[in-house]
Amino acid sequence: MANPIYPPSPSSSSSSSSSSSSSSRSPSKRRKLTNNPHVNYSQPLIPGLPDHLAQVCLSLVHPSSLYSVCWSWRHLIYSSSFPPFLSLYALLSSSNPQPHPNHSESIQFYNFDPISSHWRALPTPPVPDPPHRLLLRHPSFISRNLPVQSVSVAGNLVLLAATSSNFVSAPSSNFVPALPRPLVFNPLCKNWKFGPSLSNPRRWCAAGVLRDSVYVASGFGTSYSTDVARSAERWEFNTRANKRNKSCGGVEPVGWEWKKVSSLRDTRFSRDAIDAVGWRGKLCMVNVKGAAAKNGVVYDIEKDVWEDMPEGMISGWRGPVTAMDEEVMFVVDEREGALRKYDQGRDCWEEIMESERLVRAQQIVAGGGRVCVACAGGKGIVVIDVVASPAKLWVEDLPAGLEAVAIHILPRMTRP
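Each value, and the rule that gives it
- Residues numbered from 1 in each chain as written.
- Predicted model: local features only at pLDDT ≥ 70, side-chain atom pairs only at ≥ 80, totals over all residues.
- Heavy atoms only, no water.
- Helix = DSSP H or I, 4+ residues; strand = E, 2+ residues; numbered from the N terminus.
- Buried < 20%, exposed > 50% of the residue type's maximum accessible area, 1.4 Å probe, protein only.
- Contact = heavy atoms within 4.5 Å.
- Areas by Shrake-Rupley, 256 points an atom, 1.4 Å probe, with all protein chains shown as cover.
- 1 Å grid on protein atoms, 1.4 Å probe; cavity = no way out; pocket = protein on both sides within 12 Å on 5 of 7 lines; lining within 4 Å.
- Points joined across faces, edges and corners; volume = space filled by probe spheres on them.
- Nonpolar A, V, L, I, M, F, W, Y, C, P; charged D, E, K, R; others polar.
- Pairing = 2+ DSSP bridges.
- Axes fitted to C-alpha atoms, helices over the stretch in contact; angles between N-to-C directions.
- Phe/Tyr/Trp six-rings, centres within 6.5 Å; stacked < 30°, edge-to-face > 60°.
- Lys NZ or Arg CZ within 6 Å of the ring centre and 35° of its normal.
- Salt bridge = Lys/Arg side-chain N within 4 Å of Asp/Glu carboxyl O.
- Core = buried A, V, L, I, M, F, W, Y, C linked by side-chain atoms within 4.5 Å.
- Polar contact = N/O pair within 3.5 Å; in protein donor to acceptor, adjacent residues only side chain to side chain.

The chain has the name F-box/kelch-repeat protein SKIP25 in an unreviewed UniProt entry, where Rhamnella rubrinervis is given as its organism.

Next up, the structure:
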C-alpha cells in the first residue's frame, strides 16, 4: 500500500528538514486537468493493452504520478479495483465552541487525501439506539475535553467509547457511556455499520488494537464499578467468516462478539482515557497520560495474562505512544517535543528528532513510514517521515474553523 502524506515539493516549501515550516502541498503546483463533465472513462487506460493488464502496469506507479496525467488515470486510482493508498482520517470539532451549556456539539469525520491535498467529509454515521449526544465539553470540566475514543483496525475506523448525558447541563454524576455498540466505517465501501454490543459499555477506558482484534479495558460504565474497572474484553474483527465475505453490505458480519479476557490486577487504569498500543504480540498501556508518574502493564495475547511493563519502557512513556505495523513503537515527549522510538534490546527510547511543534502533542499514529501527530490544541497535524535520514517534518492544515479530536491512518476512500 502506498505511503500516506508525502513531503511538499521544494517549490511549495521553504524547507523539508526536521525544522521545516508549516506547509501543505498545493494542487495548483500540479499540471491542471480541464474540468470536463463529459469525460469518457470507457477509453483504454493504455492504448493497445486490455484494461486488466494496464491496471497491473499502472499499479506499479505511485498514485501521485498518475493523478495529473489524465482523467481516466485519476479516476482509476480512486476505484475499488486499484490498490488503495494510505491517507489521513480525523475526528474534528469546532475550534470556536458555543459557550452555552445546552449547546449540542457534534463530531465531524473527515478524510485528507494526500494526492489532491483536499479534506473531504465522510458520510454521516447512523444514530445509536437509544440516541446519545457525544459530549466534548461540559461546565464541570473547564480545563479539558471529555474523551472520544476511536481506533483503526484492519483498514476500518472504529468509534468505540465516549461520554453522553440526556441533559447536557446535568452534573457529571449523570454522565453515561454514549456508545452501547461501536460504530465502524469502511473506507473502501464508504459506509458505516454497528459493531457488536458491549457487555459493559464504557467511557474513560483503555482502548487499542492487536492483531486485528479490538480491546477495551477498565474505565467507567454508567457509574463506577470495581468489576468494570478491572475487566477487559476483546472483539475479533476479522473472523474467518468475514475474511471470506468481502461484501460492503450494512449487515453486522458473522461472528462479531465481545469476549472477556483476563482481568486487570487492580482498578488503577480507570483514571483516564488511554490508548493501548499493540506491539509485537502484546498490548501495552499506562494508567495516566503525559509525563506524570504512572503505572504500566503489558497484556500477553498468547498467555492471556497481564504483566508489569519493562522499567525502561514506562520511564520513557512521557506522552502519546503508537506503533508502526505493531513492530516499532514511537513516543512523543510532550514536554520536550522529542520523537523517540523504543529499543527493546536496551529497554530504552532512542531520540529521532526534536521540534517545538511536538510540544504538548495530543495524539500520535503511524503507518506507511510516516508518523502523524495531532498538534497542541488540535491545531494542525505534524507529519514526520521516519524512513528518511534525517527525519523530515511538515504540517498539514485542518479545514478552517475545526480542530483535531483524533487522527488515524487508513486506506483512501473509493470514489464513483
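J.: For the overall build of the chain, give the residues involved together with the corresponding values.
T.: Along the chain, the regular secondary structure elements total 6 helices and 26 strands. Across the 416 residues of the chain, 51% fall into the buried class. For the chain, contacts bridging at least 24 residues in sequence account for 60% of all contacts bridging at least 6. Summing over all exposed atoms, the chain offers an accessible surface of approximately 19000 Å²; the carbon and sulfur share of this is 50%.

J.: Can you lay out the layout of surface pockets for me, pointing to particular residues and giving the numbers?
T.: In this model, the largest pocket occupies a volume close to 1100 Å³. Forming the boundary of the largest pocket are 35 residues, of which Arg144, Lys289, Ala361, Gln362 and Gln363 lie nearest the centre. Contributing elements (two or more residues each) for the lining of the largest pocket: strand S4 (149-153), strand S14 (274-279) and strand S26 (402-411). The biggest single contributor to the lining of the largest pocket is S26, with 5 residues. Per-class residue counts for the lining of the largest pocket are 16 nonpolar, 12 polar and 7 charged.

J.: How would you sum up the pairing of S26? Please name residues and give values.
T.: When you tally the buried positions in S26, you get 9 out of 10 residues, the bulk of the element. With 9 bridges joining them, strand S1 (residues 86-94) and S26 adopt antiparallel strand pairing. Residue pairing for S26: Tyr89 is matched across the bridge by His408.

J.: Provide a residue-level description of the sheet that holds strand S2 (residues 108-113), including the pertinent values.
T.: An order of S3-S2-S1-S26 is seen for the 4 strands of this open sheet, with the pairing classed as antiparallel. Each of the sheet's edge strands pairs with one partner strand only, and the pair in question is strand S3 (118-121) and S26. Direction aside, the axes of adjacent strands within the sheet are offset by 30° on average.

J.: Can you explain the packing of aromatic side chains? Please cite residues and give values.
T.: Given two aromatic rings, one states the distance between the centres and the angle between the planes to describe the pair. With the rule as written, the count across this model stands at 13 aromatic pairs. Their ring planes at 80° and their centres at 5.0 Å tell us that Trp235 and Trp256 sit as a pair that is edge-to-face. In this pair, Trp235 is assigned in strand S12 (residues 232-236) and Trp256 in the loop between helix H5 (240-244) and strand S13 (258-260), connecting sequence segments 21 residues apart. Of the residues examined, Trp235 reaches a relative accessible area of 0% and is grouped as buried. A ring pair is formed by Tyr299 and Trp306, whose centres lie 4.9 Å apart and whose planes are at 45°; its orientation type is tilted. Summarising the burial analysis for this pair, Tyr299 and Trp306 share the class buried. One aromatic cluster is present, built from ring pairs that chain together Trp235, Phe237, Trp256 and Trp258. Between Arg74 and the ring centre of Trp71, over which it is positioned, the NZ or CZ distance is 4.8 Å. Just above the ring of Tyr78 sits the side chain of Arg415; from NZ or CZ to the centre is 3.7 Å.

J.: Now, about the pattern of salt bridges: what can you tell me, with residues and values included?
T.: Between side chains of opposite charge, a pair can form as their charged atoms come close. Inspection of every chain in the model, using the stated rule, returns 16 salt bridges. Put simply, Asp308 and Arg265 hold a salt bridge, and the shortest N to O gap is 2.7 Å. Residue Asp308 is located in strand S17 (residues 305-308), and its partner Arg265 is located in the loop between S13 and S14; the two are separated by 43 residues in the primary sequence. For the pair Asp308 and Arg265, a shared accessibility class is recorded, and that class is exposed. Residues Lys282 and Glu307 are paired through a salt bridge, measuring 3.9 Å at the closest nitrogen-oxygen approach. Taken together, the residues span a long stretch of sequence, with Lys282 in strand S15 (residues 282-286) and Glu307 in strand S17 at a distance of 25 residues.

J.: Describe the nonpolar core, listing the residues and the values that go with them.
T.: Of all hydrophobic cores here, the largest spans 19 residues; its most connected members are Leu91, Phe109, Leu122, Leu157 and Leu159. Excluding residues within four positions of it along the chain, Leu159 makes contact with Leu91, Phe109, Leu134, Val148, Gln149, Ser150, Leu179, Pro182 and Leu183. Counting residues in hydrophobic clusters, the runner-up holds 18 residues, among them Ala374, Leu402, Ala404 and Ile409.

J.: So what's going on with the environment of Trp73? Which residues, and what values?
T.: Tracing the sequence through the fold places Trp73 in helix H3 (residues 71-77). The class for Trp73 is buried, based on a relative accessible area of 17%. C-alpha of Trp73 to C-alpha of Leu58: the two residues are 15 residues apart in sequence and 8.5 Å apart in space. Excluding its chain neighbours within four sequence positions, the residues that come into contact with Trp73 are Leu45, Ile46, Leu58 and Leu66. Here the side chain of Trp73 touches Leu45 through a polar contact of 2.9 Å, landing on its backbone oxygen.

J.: An account of the environment of Cys375 is requested, with residue identities and associated values reported.
T.: Relative to the elements of secondary structure, Cys375 occurs in the loop between strand S23 (370-374) and strand S24 (381-385). Looking at Cys375, the relative accessible area reads 8%, which means it is buried. Note: C-alpha distance between Cys375 and Val359 (16 residues apart in sequence) is 7.9 Å. Once you skip the residues sitting within four places of it in the chain, Cys375 turns out to touch Arg357, Arg360, Gln362, Gly380, Ile381 and Val382.

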